[in-house]
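Chain by chain, the residues run as shown.
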Amino acid sequence: MMFRATARHPALILDDVRGAQKMLSGVARATALEGSRHLTELVGAPVHLKCENLQRTGSFKLRGAYVRISGLTPVERAAGVVAASAGNHAQGVALASSLLGVRSTVFMPVGAPLPKVAATQEYGAEVRLHGQVVDETLAAAQEYAERTGAVFIHPFDHPDIIAGQGTVGLEILEQCPEVRTIVVGIGGGGLAAGIAVAVKALRPDIRIVGVQAEGAAAYPPSLAAGHPVSLDDPVTMADGIKVGRPGDVPFTFIEELVDEVRTVSEDELSSALLLCLERAKLVVEPAGASPVAALLSDPKAFRGPVVAVLSGGNVDPLLLQRVLRHGMSAAGRYLSLRLRLTDRPGALATLLAALTVADANVLDISHVRTDPRLGLTEVEVDLHLETKGPGHCEEVEAALRAEGYRVIG
């Protein structure tokens, strides 16, 4: 499929996105749009979640990959395709290639999560582990393409990729025609650019807000400079949007068509992931939770109805465990205390009884008896508690003080 237009003629681009939608019929799912009562109450207007985490392969990436590979010539298909990715793009390319009968090779970092490596292999790709960081993996894939003639499938910096991702925008308009704000995470920019191209062509009144992680926010300085700017060392748990430089192609569209780009902290990402899991019963990776993080950080800044795009759900179980702990801490669900007690039989049992009355769950407890600051009959107890939130933390501390305990930290 040829990309025929520029950002200054979105009506022409819309034809390409509509063509991609026809091409993806029967391949990509039209994912659900779920309402969120909790976010609706916070924002003061209806909020809906576009569940691309429930897409085949667990993210929106299949859309662009399938459209891109479909557009290859017979000669190019015969040469096969190659990609570099730590997860979502890898799986999208692997499945799209299998569906189209094209041989695929995917380079992944040596430390890529084993579930993502296994899934990419199961979708039909040959996986090669190379490099410790994605930049090294990308270089290896590009060298392979030059050496073998395989077509390199970029994760975001190609017009066909953008057209495929733009079908998410068309679905949003079909499912929620009254939408006034769309919030979407931005890494390289393919998804946000595609949505903006489709939506602004049909509904220029809709506000589109992009979201980046604070530690990997290349778009704000790039937009200020008027051209893509590279970050030296992007750092974030949200590996799906951990991109050090905007793509040249998506940057053009985002610069013109996206109304605002916001950033969110790691704590906000953790809290958003936890909210999706607890309130919406949806497993979402940190990058996919970034639009929800933006809503949580400044709920009154968004005109409703709002659609937040949950771009993916491929989260490694070990990372999920760490992120959930971090999210619960950020949400005030953990409380760490140090108390000084008289070291006598039954003192610990009495303390635990007080915590039971306060409805706090003990996660971990340790004793310190050898600190020179302690008196002869004193002991320090370190407690890690699970609570119901910031207000409950204050109640637990107050209850302990009321029982005569010395809270020293």
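Everything below is about the structure shown above.
Residues numbered from 1 in each chain as written. Predicted model: local features only at pLDDT ≥ 70, side-chain atom pairs only at ≥ 80, totals over all residues. Heavy atoms only, no water.

### Details of the overall build of the chain
Alright, step 1. Helix and strand counts for the chain come out as 17 helices and 14 strands.
Alright, step 2. In terms of principal-axis extent, the alpha carbons of the chain reach across some 85 × 45 × 40 Å.
Alright, step 3. The buried share among the 409 residues of the chain stands at 55%.
Alright, step 4. Here the contacts in the chain between residues at least 6 apart in sequence split such that 72% fall between residues at least 24 apart.
Alright, step 5. Accessible surface for the chain amounts to roughly 17400 Å². Of this, 52% is attributable to carbon and sulfur atoms. (Helix = DSSP H or I, 4+ residues; strand = E, 2+ residues; numbered from the N terminus. Buried < 20%, exposed > 50% of the residue type's maximum accessible area, 1.4 Å probe, protein only. Contact = heavy atoms within 4.5 Å. Areas by Shrake-Rupley, 256 points an atom, 1.4 Å probe, with all protein chains shown as cover.)

### Regarding the sheet that holds strand β6 (residues 151-152)
Alright, step 1. Read across the sheet, 4 strands follow the order β5-β4-β3-β6 without closing on themselves; strand pairing throughout is parallel. The strands lining the two open edges of the sheet, one partner per strand, are β5 (126-129) and β6.
Alright, step 2. The sheet contact formed by strand β4 (residues 104-108) and β5 spans 4 bridges and is parallel. Considered in β5, the bridge of Val-106 is made with Val-127. (Pairing = 2+ DSSP bridges.)

### Points about the packing of aromatic side chains
Alright, step 1. Taken as a whole, this structure holds 2 aromatic pairs when the rule is applied.
Alright, step 2. Ring geometry for Tyr-219 versus Phe-251: centroids 6.1 Å apart, planes at 25 degrees, classification stacked. A residue pair is termed long-range when its members are at least 10 positions apart, and Tyr-219 in helix α11 (residues 219-225) and Phe-251 in helix α12 (residues 248-257) qualify at 32 residues. Accessibility classification places Tyr-219 together with Phe-251 in one group, the buried group. (Phe/Tyr/Trp six-rings, centres within 6.5 Å; stacked < 30°, edge-to-face > 60°.)

### A few points about the side chain of Glu-171
Alright, step 1. Tracing the backbone through its elements, the reader meets Glu-171 in helix α9 (residues 167-175).
Alright, step 2. Given a relative accessible area of 8%, Glu-171 falls into the buried group.
Alright, step 3. If sequence neighbours within four positions are ignored, Glu-171 has contacts with Gln-21, Arg-29, Ala-30, Thr-31, Lys-50 and Arg-63.

### Structural notes on unusual backbone geometry
Alright, step 1. Each neighbour pair has its own omega, and for Gly-304 with Pro-305 the value is 0 degrees, a cis peptide bond.
Alright, step 2. The residue Pro-305 is located in the loop between α14 (290-297) and β10 (306-310) in this model.
Alright, step 3. If you check the backbone angles, Asp-359 has positive phi at about 65 degrees while not being a glycine.
Alright, step 4. When its relative accessible area of 45% is taken as the criterion, Asp-359 is described as partly exposed.

### Focus on the sheet that holds strand β2 (residues 47-51)
Alright, step 1. Strand order across the open sheet formed by 6 strands is β1-β2-β10-β7-β8-β9, with mixed pairing between neighbours. Of all the strands in the sheet, the pair left with one neighbour each is β1 (33-35) and β9 (260-264). Taken over all neighbouring pairs, the strand axes of this sheet differ in orientation by 25 degrees on average, direction set aside.
Alright, step 2. In this fold α9 packs onto β1, β2, β7 (181-185) and β10, with an angle of close to 140 degrees to the strand it touches most, β2.
Alright, step 3. Packing of α14 onto the sheet brings it into contact with β2, β7, β8 (207-213), β9 and β10, and relative to β7 it is tilted by some 120 degrees. (Axes fitted to C-alpha atoms, helices over the stretch in contact; angles between N-to-C directions.)

### Regarding the pattern of salt bridges
Alright, step 1. Throughout the structure, instances matching the rule amount to 15 salt bridges.
Alright, step 2. With its nearest N and O atoms 3.5 Å apart, the salt bridge here joins Asp-239 to Lys-116. Pair noted here: Asp-239 is in the loop between α11 and α12 and Lys-116 is in helix α6 (residues 114-122), with a separation of 123 residues, a long-range link.
Alright, step 3. With a relative accessible area of 33%, Asp-239 lands in the partly exposed category.
Alright, step 4. Owing to a relative accessible area of 7%, Lys-116 belongs among the buried residues under this scheme. (Salt bridge = Lys/Arg side-chain N within 4 Å of Asp/Glu carboxyl O.)

### Here's the deal with α6
Alright, step 1. Among the residues of α6, those classed as buried are Lys-116, Val-117, Ala-119 and Thr-120. An end-on view of α6 places all buried positions within 165 degrees of arc, on one side of the element. Residues of α6 that are exposed and angled more than 90 degrees away from the buried face: Leu-114 and Glu-122.
Alright, step 2. Against the buried residues of α6 lie α5 (88-100), β4 and β5. (Arc of directions from axis to C-beta.)

### Some details on the environment of Val-67
Alright, step 1. Tracing the sequence through the fold places Val-67 in helix α3 (residues 61-70).
Alright, step 2. Residue classification places Val-67 among the buried positions, given a relative accessible area of 0%.
Alright, step 3. Taking C-alpha positions, Val-67 is 31 Å from Lys-281, a pair spaced 214 residues apart along the chain.

### Concerning the nonpolar core
Alright, step 1. Formed by 38 residues in total, the largest nonpolar core has its most connected members in Val-183, Val-292 and Leu-295.
Alright, step 2. Looking at this core, the elements that each hand over two or more residues are α2 (37-43), β2, β8, α13 (266-278), α14, β10 and α15 (317-330).
Alright, step 3. Broken down by element, the residue count for this core peaks at 6 residues, all from α13.
Alright, step 4. Residues contacting Val-183, with those up to four places away along its chain left out, are Val-209, Val-211, Pro-291, Ala-294, Leu-295, Phe-302, Val-306, Val-307, Ala-308 and Val-309. (Core = buried A, V, L, I, M, F, W, Y, C linked by side-chain atoms within 4.5 Å.)

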